[in-house]
Amino acid sequence: MNKQELIEGAKAVLNSNFNEDKGFTIPCEGLYPFQWHWDSGFIAIGFAHYDIEKAKCEIESLLSGQWDNGFIPHIVFHNESDTYFPGPDYHRSDLHPASPKPVKTTGITQPPVLGFVLKEIYDIASNKQDILKFIKRNIDKIYQNHTHFYTHRDPYNEGLVYIYHNWESGTDNSPIWDEIWQTMNPPKYKYERKDTTHVDASQRPTNREYDCYLHLLEIAKAHNYDEGKIAELSPFLVQDPLFNAILIKSNEALIELYQIIGGNNNKIEILKSWQDKAKTRFEEKLFNEELGSYVYYDLRNDKQIAYATSSSFTPLFAGIPNKERANKLVDSLIQNFGSEDLFLCASFDPKSEHYNPVKYWRGPVWINLNWLIYRGLKRYGYLEIAKRLKQETINYIELHGFYEYFDARKDQFENAAYGGKNFSWSAALTLDLLNE
Ligand code: GLC
């Protein structure tokens, strides 16, 4: 496939996943039939390259699900669908007084991409006047979302926020959570899995894992999604390097955009104070010297979760490490994830016993993580490895199409494609890479 064909293919995926009626894009037919938070952010970047109105529409439809307290949920249920569990009747966002009335949502969130997405769209848009109008209309909502995080998700005032559910991480089925599942003893709930009707069960979480996921939601629902109660009671309370790097990058983007808009000095000062605190603590708390990588921190049990994952490299995207630490990090990327037999970048340490090359988030390559790492490598000037990462990402799509995730092993390249087909963010971010 030549470059133009790839671009046309990516647009076709996005256009066919766009719901004209409701003005948002599903991640993928069947498997993910609603609007997902961070998916929509990446999707909007893709649209910005050829249909800026759709990019705006994507973001505003997501924000229509924002709660009065600033919280932005991980799914907005604009439409009905029976191909996904758990749906709106399970999540019951209405339990929280600040949830929106006209639309149902979940009561958990996802990596806060919207800040940096606004800046990406601003950079891509040819009509800056017009896009600034859109940004002015929405930027405060994102600022309020960050305020909500630092007010409710940062109990020790460290500048690092926690997530209370693996579905908040975006890396849903990572081995990172395994130890936490072992500390839990969830009831055996009665429900019908839908994911395993779309994708082979061997690539999806087990039923016990699903019971843990639901149990966390049951705890939150029993307290009407009260953040204070969740912090007190949830067995899952994790400071995630990917989530926090994205928040920090989004803070940075909000500062840049407020400066372009003018005024707003108060907000800029507050954003800068968050940044200073967050970056300092990130460096102190989330780096593991032995691994030469950033890691997750289990706040409930007060310890690092010492594994390298693709998330470990995303602090580069947010400009967090100094040059010396960045060198160390990139060395570990090349040595552990970039050896001769592997394409970049496996989602979990390929040398670990927990690595599974085909199971979702336990090893396969994801296009959005590759995109974040690519941007990070470029930001720091690691151009050679960045170029390799970009090329290997495009190679997957060229051979297989816009799948959800891919096997990192070079000798499996012919059969590397997994998960959902015609997956929106794979299309959107390929468009962005090709339009560079
Ligand atoms: C899966 C992914 C999550 C994504 C969602 C919709 O659950 O783990 O990151 O947002 O699918 O694509």
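Residues numbered from 1 in each chain as written. Predicted model: local features only at pLDDT ≥ 70, side-chain atom pairs only at ≥ 80, totals over all residues. Heavy atoms only, no water.

Brief notes about the site of the ligand
So, step 1. Around the ligand, the neighbouring residues are Pro27, Tyr32, Trp36, Trp38, Asp39, Gln110, Gly170, Asp172, Tyr360, Trp361, Phe423 and Trp425.
So, step 2. At 2.6 Å from an oxygen atom of the ligand is found a side-chain nitrogen or oxygen belonging to Asp39.
So, step 3. Here an oxygen atom of the ligand sits 2.9 Å away from a polar atom, N or O, in the side chain of Gln110.
So, step 4. Burial of the ligand by the protein amounts to 98% of the accessible area it has alone, namely 300 Å².
So, step 5. Residues that form the shell around the ligand fall into these classes: eight nonpolar, two polar and two charged. (Near = heavy atom within 4 Å. Polar contact = N/O pair within 3.5 Å; in protein donor to acceptor, adjacent residues only side chain to side chain. Areas by Shrake-Rupley, 256 points an atom, 1.4 Å probe, with all protein chains shown as cover. Nonpolar A, V, L, I, M, F, W, Y, C, P; charged D, E, K, R; others polar.)

Some words on the side chain of Ser93
So, step 1. Along the polypeptide, Ser93 turns up in the loop between helix H4 (88-91) and strand S5 (104-105).
So, step 2. A distance of 3.1 Å separates a polar atom in the side chain of Ser93 from the backbone nitrogen of Thr105.
So, step 3. Ignoring any residue separated from it by four or fewer positions in sequence, one finds Ser93 in contact with Trp67, Ser99, Lys104, Thr105, Thr106 and Tyr225. (Helix = DSSP H or I, 4+ residues; strand = E, 2+ residues; numbered from the N terminus. Contact = heavy atoms within 4.5 Å.)

Notes on the sheet that holds strand S13 (residues 417-418)
So, step 1. If you trace the three strands from one edge of the open sheet to the other, you get S11-S12-S13, paired in antiparallel fashion. In this open sheet, the two strands that pair with only one neighbour each are strand S11 (365-366) and S13. (Pairing = 2+ DSSP bridges.)

A short note on the nonpolar core
So, step 1. Counting residues in hydrophobic clusters, the biggest one holds 152 residues, and the most contacted among them are Phe116 and Leu377.
So, step 2. By residue number, the principal contributor to this core is helix H12 (residues 241-261), which donates 11 residues.
So, step 3. The residues touching Leu377, leaving out its near neighbours within four places in the chain, are Leu316, Val330, Leu333, Tyr382, Ile385, Ala386 and Leu389. (Core = buried A, V, L, I, M, F, W, Y, C linked by side-chain atoms within 4.5 Å. Buried < 20%, exposed > 50% of the residue type's maximum accessible area, 1.4 Å probe, protein only.)

Some words on the packing of aromatic side chains
So, step 1. Under the criterion given, the structure shown has 47 aromatic pairs.
So, step 2. Between Trp177 and Tyr296, the ring centres sit 5.4 Å apart and the planes meet at 90 degrees, which makes this aromatic pair edge-to-face. With Trp177 in the loop between helix H7 (166-169) and helix H8 (178-183) and Tyr296 in strand S9 (residues 296-298), this residue pair connects regions lying 119 residues apart in the sequence.
So, step 3. According to the relative accessible area criterion, Trp177 is buried, its value standing at 0%.
So, step 4. Their ring planes at 55 degrees and their centres at 6.1 Å tell us that Trp366 and Trp425 sit as a pair that is tilted. Of the two residues, Trp366 sits in strand S11 while Trp425 sits in helix H17 (residues 424-434), which places them 59 residues apart along the sequence. There is no split in this pair, since Trp366 and Trp425 are both buried.
So, step 5. One cation-aromatic arrangement involves Arg193 over Tyr210; the distance from NZ or CZ to the ring centre is 3.9 Å. (Phe/Tyr/Trp six-rings, centres within 6.5 Å; stacked < 30°, edge-to-face > 60°. Lys NZ or Arg CZ within 6 Å of the ring centre and 35° of its normal.)

Focus on the pattern of salt bridges
So, step 1. A complete count under the given rule lists 32 salt bridges for this structure.
So, step 2. Between Arg153 and Glu168 there is a salt bridge, with its nearest N and O atoms 3.0 Å apart. Residue Arg153 is located in the loop between helix H6 (128-152) and H7, and its partner Glu168 is located in helix H7; the two are separated by 15 residues in the primary sequence.
So, step 3. Look at Arg153 and you get buried, because its relative accessible area is 1%.
So, step 4. Given the relative accessible area of 0%, Glu168 is considered buried. (Salt bridge = Lys/Arg side-chain N within 4 Å of Asp/Glu carboxyl O.)

Some details on helix H3 (residues 52-63)
So, step 1. Over its 12 residues, H3 extends 17 Å from the first C-alpha to the last, a length consistent with the 16 Å expected when each residue adds 1.5 Å.
So, step 2. Those residues of H3 that fall on the buried side of the exposure criterion are Lys54, Ala55, Lys56, Glu58, Ile59, Ser61, Leu62 and Leu63. (Expected span 1.5 Å × (residues − 1).)

Details of helix H2 (residues 37-48)
Three or four residues apart is the spacing at which side chains of an α-helix point the same way, because the helix has 3.6 residues per turn.
So, step 1. Between its first and last C-alpha, H2 extends 17 Å over 12 residues, near the 16 Å set by a 1.5 Å rise per residue.
So, step 2. Of all 12 residues that make up H2, 12 are buried, and the element is covered over most of its length.
So, step 3. All buried positions along H2 are accounted for by His37, Trp38, Asp39, Ser40, Gly41, Phe42, Ile43, Ala44, Ile45, Gly46, Phe47 and Ala48.

Things to note about unusual backbone geometry
So, step 1. Cis peptide bonds are those with omega within 30 degrees of zero, and the linkage from Phe85 to Pro86 qualifies with 0 degrees.
So, step 2. Following Leu344, the chain continues into Cys345 via a peptide bond in cis, with omega recorded as -10 degrees.
So, step 3. The backbone of Arg92 sits at a positive phi, close to 55 degrees, despite the residue not being glycine.
So, step 4. For Arg92, a relative accessible area of 34% translates into the label partly exposed.
So, step 5. You will see that Asn224, though not glycine, has its phi angle at about 50 degrees, which is positive.
So, step 6. Tracing the backbone shows Asn224 in the loop between helix H10 (207-222) and helix H11 (227-233).

Some words on the packing of H6 against helix H13 (residues 265-285)
So, step 1. Viewed as axis vectors pointing N to C, H6 and H13 meet at an angle of 40 degrees, and their least axial separation amounts to 12 Å. As the angle between them shows, H6 and H13 are arranged oblique. For the crossing formed where H6 meets H13, the hand is left-handed. Contacts between H6 and H13 pair Asp140, Tyr143, His146, Thr147 and Tyr150 from the former with Lys267, Ile270, Leu271, Trp274 and Ala278 from the latter.
So, step 2. Grouping the constituent residues of the contact of H6 with H13 by class yields six nonpolar, two polar and two charged. (Axes fitted to C-alpha atoms, helices over the stretch in contact; angles between N-to-C directions. Parallel < 35°, antiparallel > 145°, perpendicular 65-115°, else oblique. Left-handed = near helix turned anticlockwise from the far one by under 90°.)

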